[in-house]
Amino acid sequence: MIDLQPVKGTRDFFPDEMRMRNWLFQVWRSVSEQAGFEEYDTCVLEHEELYIRKAGDEISKQLYSFEDKGGRRLSLRPEMTPSLARLVLQRTKSLLFPIKWFSMPQCFRYERMTKGRRREHFQWNADIIGQPDMVAEAEILMLLISACESMGLSAKDIRVFINDRRILNAILSQLNVTEKLHSAILVIMDKRDKVSPETLGTMLKDVGMTSSQVQHLNEYLTKTNLQELKEELQHTEGIDELQHLLQLMDTAGYSDYLQFDISIVRGLSYYTGAVFEINSPEKQHRAICGGGRYDSLLSTYGGKSVPAVGFGFGDVVVLDVLRELERFPELTRTLDYTIIPFDNEQVGIALKIANELRSKGAIVDCNFSMKKMKKSLHEANESGAKFAILLFPEELKQEKVVIRDMQLREQNPINITDLISSAGQAA
RNA sequence: GCGGGCGUAGCUCAGCUGGUAGAGCUCUGGAUUGUGAUUCCAGUGGUCGAGGGUUCAAACCCCUUCGCUCGCCCCA
């Protein structure tokens, strides 16, 4: 016997789990489309070099990579943003910016598994490219919030924690840390909540900060008030814009959801401006989603600089959160008709009726098991069919079938032609 | 890399101090010749993850190993 388990860290989706996944995808897709985003996709396979970055992104070390028969180094995509950058760079001259695109790619990362993290997941991505100011952030955050609301999560359940990397950079500049070190330091600071202060200090010194710089940095990181920070820093562009964004969101009616949080950094080195995460207000989970502005990613691939904002929103954590909050939707199979022939004589007519009902748009299945009627009706019940169509020789002689309403448990003979013509409404 | 838990029927799991392998659900048949809630009766289904050891006797104790899972380290 071969191993029936899915590959470690990957999942199988049986039909009941697939219904849940489709429900989630449908939420993602419909809120995206309603907000004017267009869907795109790329192959799950990419050139490995697309993901090789400096500044020590952890994600680059977790690639599923291999060499194909032509000697190419290929990877399963660990995230979607580089592929999106590739698409945009192909057509920077012809695209009409800003563009608003979304995708729901399956992504892979080779890593140790814990709750909420698997080696494969589906990650909704939405990005606005070519919009340099904070209006893009506002639109992206509103899209995220509307998705959460569609899933039944309100401001009581979730919060958007937001920061701006320019604030952190301003602090580092104030401390005379050379700009070359900034992105490496930010990647380390992302670990602030996750490692001991001593370890963090050691890591910071390892990349080139002095003890006194580390000490002063920690003092700045205790600040929770934007205005207070502003008074102490020389370069306040990040603060000004973040205040502008918070003001925009307040006017739009979303201020309950937003909270400035200087500890939000994000692990990806390509972010340049706003960075954000959604979590429960007490941050009790792993972040449900996260993203930010990455104005220089495209230029690092050799194109010109193009402003961009986006996020990734995985399927695993949010489904865990919905399960814990008992907000899981009840999803049943949708089936309008089950056609049950009495014996082999009626198989042909069953197929014919099925076909005609389907051409009316109904969802139709047939039960050709030729089990006892008791059994077949039980199966029809389990399948969630609204109606059972019973084909008995007696009624068929008069061009009739028996239609049984499974919920009302009532049945009547009906002319086949009437059944077909009423199918549009019945379904 | 470190530590804990688990692995028994298709599924979810019980199994006491070592003494004939269990339940619920599912499935099959019947009470019901062409009718699904709930019933009721009967039945199918097991390499107890694998290998070795101790013992008169091992699902149970010991060793090895594989798999799953949770936590830590680490990290979207």
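Note that the coordinates shown come from a computational prediction; the quantities given were computed from them, not determined experimentally.

Draft legend 1. Broad picture of the sheet that holds strand β16 (residues 400-405). Strand order in this open sheet of five strands is β14-β13-β15-β16-β17, and the pairing throughout is mixed. Of all the strands in the sheet, the pair left with one neighbour each is β14 (364-366) and β17 (410-415). Strand-to-strand twist in this sheet, taken as the mean axis angle between neighbours without regard to direction, amounts to 25 degrees. When strand β13 (residues 335-341) meets strand β15 (residues 385-391), the two strands line up parallel, connected through six bridges.

Draft legend 2. Expanded view of the sheet that holds strand β2 (residues 45-47). The three strands lie next to each other as β2-β4-β3, forming an open sheet whose pairing is antiparallel. Either end of the sheet is taken by a strand with one partner, and the two such strands are β2 and β3 (64-67). Along the sheet, successive strands turn relative to each other by an average axial angle of 35 degrees, direction set aside. Both β3 and strand β4 (residues 73-76) contribute to a ladder of four bridges, which runs antiparallel. Paired with glutamate 67 across the strands is arginine 73, a residue of β4.

Draft legend 3. Expanded view of the packing of helix α1 (residues 15-34) against helix α12 (residues 315-324). Remark: α1 packs on α12, axes separated minimally by 12 Å, with the N-to-C direction vectors making an angle of 105 degrees. Considering their axes alone, α1 and α12 lie roughly perpendicular with respect to each other. Across the interface between the two elements, Met20, Trp23, Leu24 and Trp28 from α1 touch Asp315, Val318, Leu319 and Leu322 from α12. When grouped by side-chain class, the residues that make up the contact of α1 with α12 number seven nonpolar, no polar and one charged.

Draft legend 4. Inspection of the pattern of salt bridges at higher detail. Counted according to the given criterion, the structure contains 24 salt bridges. The salt bridge involving arginine 11 is made with glutamate 120; its shortest N-O contact spans 2.9 Å. Of this pair, arginine 11 sits in the segment before α1 while glutamate 120 sits in strand β7 (residues 120-129), and the two are 109 residues apart along the sequence. Since its relative accessible area comes to 1%, glutamate 120 is described here as buried. Residue lysine 371 is joined to glutamate 379 by a salt bridge in which the shortest nitrogen-to-oxygen separation is 2.8 Å. Classification of glutamate 379 by relative accessible area gives partly exposed; the value is 24%. Connected via shared salt-bridge partners are Asp164, Arg166, Glu237 and Glu241.

What counts, and where the lines are drawn
Residues numbered from 1 in each chain as written. Chains lettered and ligands numbered in written order. Predicted model: local features only at pLDDT ≥ 70, side-chain atom pairs only at ≥ 80, totals over all residues. Heavy atoms only, no water. Pairing = 2+ DSSP bridges. Helix = DSSP H or I, 4+ residues; strand = E, 2+ residues; numbered from the N terminus. Axes fitted to C-alpha atoms, helices over the stretch in contact; angles between N-to-C directions. Parallel < 35°, antiparallel > 145°, perpendicular 65-115°, else oblique. Contact = heavy atoms within 4.5 Å. Nonpolar A, V, L, I, M, F, W, Y, C, P; charged D, E, K, R; others polar. Salt bridge = Lys/Arg side-chain N within 4 Å of Asp/Glu carboxyl O. Buried < 20%, exposed > 50% of the residue type's maximum accessible area, 1.4 Å probe, protein only.

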